[in-house]
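Each chain is listed here by its residues.
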Amino acid sequence: MRLVLACCLAAACTEPNYVAKPLPPLVVPKQPGELVAIAPAALGFTAGENFVYMVRLRGFTIGTARMTVVDGEIASHFKTSMLAQAITSISHDLTTSIEGIRPKLGAERLSIDGKARQFATDYTGTSTHSIHTAVGAVRAWARLGASAGFLHVIVGDQNVRVELAEPSGGKDWLRVEGKLVGLDVPTTFTCWLDATNVITRIEIRSDGEQVTADLVR
């Protein structure tokens, strides 16, 4: 989420080269009642999975995010494109080591215009997630009829509460609305999942901006 907020600082500087596929029709989810902690029984990822997302701001492509899953580890990398770097240069790397279905250790590095910050997190004995395992938890939890709930996610040096509404959708897709509590500015998001619970699109809205990530591989 820190990466997404950083992307909101970038300006559009190239014509979009990716056209998103039409999304399923919007269905308003049921109003959530009292939220309960989401405790998935599975990691939500399988070793060997490899995802590539095209990241866009104001309709313009600003970079590519990649996530790779191997036994015991999930790693991701984002970097702004060469043209976007003419305005703002952003890179983000995160590695999460896994023990069973829980995060064990996390190493994060965020660089904006050459100024870098690094974070190391020990999740042992806590119920918090890394960004990676939070994404996996959403994949493992999301299904029609799943109860609205929340997760606590460590983002850099912040503990963010991710609140998720009950999923809506149809036979081959799901839509999940959520919000991030604990950031400096109100932030909401929507994600779409396919029939195999792969997240195919994420929209994150913050401070009047929207960053979109579309699965391209």
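Since we're looking at a predicted model, the values are computed, not measured. (Residues numbered from 1 in each chain as written. Predicted model: local features only at pLDDT ≥ 70, side-chain atom pairs only at ≥ 80, totals over all residues. Heavy atoms only, no water.)

## Details of the environment of L43
Line of reasoning, step 1. Note that L43 resides in the loop between β1 (36-37) and β2 (50-57).
Line of reasoning, step 2. With 55 residues separating them along the chain, L43 and I98 place their C-alpha atoms 9.1 Å apart.
Line of reasoning, step 3. Setting aside residues up to four positions removed in sequence, L43 forms contacts with I98, I101, T133, G136 and A137. (Helix = DSSP H or I, 4+ residues; strand = E, 2+ residues; numbered from the N terminus. Contact = heavy atoms within 4.5 Å.)

## Observations concerning the pattern of salt bridges
Line of reasoning, step 1. For the structure on display, the rule yields 11 salt bridges.
Line of reasoning, step 2. Here E49 and R139 are joined by a salt bridge, their closest N and O atoms 3.1 Å apart. Of this pair, E49 sits in the loop between β1 and β2 while R139 sits in helix α2 (residues 131-141); the two residues are 90 residues apart in sequence, bridging distant segments of the chain.
Line of reasoning, step 3. Look at R139 and you get buried, because its relative accessible area is 9%.
Line of reasoning, step 4. A salt bridge links R161 to E163; the nearest nitrogen and oxygen atoms lie 2.7 Å apart.
Line of reasoning, step 5. Overall, R161 belongs to the partly exposed group, its relative accessible area being 23%.
Line of reasoning, step 6. In this structure E163 comes out as buried when scored by relative accessible area, which is 16%.
Line of reasoning, step 7. When salt bridges with common partners are traced through the structure, they connect R56, R175, E177, R201, E203, R205 and D214 into a single cluster. (Salt bridge = Lys/Arg side-chain N within 4 Å of Asp/Glu carboxyl O. Buried < 20%, exposed > 50% of the residue type's maximum accessible area, 1.4 Å probe, protein only.)

## Re the pairing of strand β5 (residues 90-99)
Line of reasoning, step 1. In this sheet, β5 lies alongside strand β4 (residues 73-80) in antiparallel orientation, the contact comprising seven bridges. Within β5, the position partnered with E73 by the bridge is S97.
Line of reasoning, step 2. In the sheet, β5 pairs with strand β6 (residues 102-112) via 10 bridges, with the strands oriented antiparallel. Opposite L94, over in β6, you have E108 as the bridge partner.
Line of reasoning, step 3. In sequence, β5 turns back onto β6 through a hairpin of two residues, with G100 there showing a positive phi of about 70 degrees. (Pairing = 2+ DSSP bridges.)

## Considerations on the confidence of the model for the protein chain
Line of reasoning, step 1. Chain-level statistics for the protein chain give a pLDDT mean of 88 and a share of 85% at 70 or above.
Line of reasoning, step 2. Counting interchain partners and residues more than four positions distant, the pLDDT-below-50 stretch residues 3-20 has 50 contacts.
Line of reasoning, step 3. Note that residues 27-32 has pLDDT below 50 and, in this model, 10 contacts with residues that lie over four places away or in other chains. (pLDDT = per-residue confidence, 0-100.)

## Re empty space enclosed by the protein
Line of reasoning, step 1. Per the stated rule, a full pass over the model turns up two cavities of 30 Å³ or more.
Line of reasoning, step 2. Roughly 50 Å³ of volume is contained in the second largest cavity.
Line of reasoning, step 3. In terms of lining, the second largest cavity is formed by L94, G106, E108, F119, T121, Y123, S130, I131 and I154.
Line of reasoning, step 4. Breaking the lining of the second largest cavity down by element, the ones donating at least two residues are β6 and β7 (115-122).
Line of reasoning, step 5. Here the lining of the second largest cavity is composed, by residue class, of five nonpolar, three polar and one charged. (1 Å grid on protein atoms, 1.4 Å probe; cavity = no way out; pocket = protein on both sides within 12 Å on 5 of 7 lines; lining within 4 Å. Points joined across faces, edges and corners; volume = space filled by probe spheres on them. Nonpolar A, V, L, I, M, F, W, Y, C, P; charged D, E, K, R; others polar.)

## Remarks on unusual backbone geometry
Note: most residues except glycine have negative phi, and most peptide bonds are trans.
Line of reasoning, step 1. Its identity is not glycine, yet D113 carries a phi of approximately 50 degrees, on the positive side.
Line of reasoning, step 2. Mapped onto the fold, D113 is located in the loop between β6 and β7.
Line of reasoning, step 3. At N197, a residue that is not glycine, the phi angle is positive and equals roughly 65 degrees.

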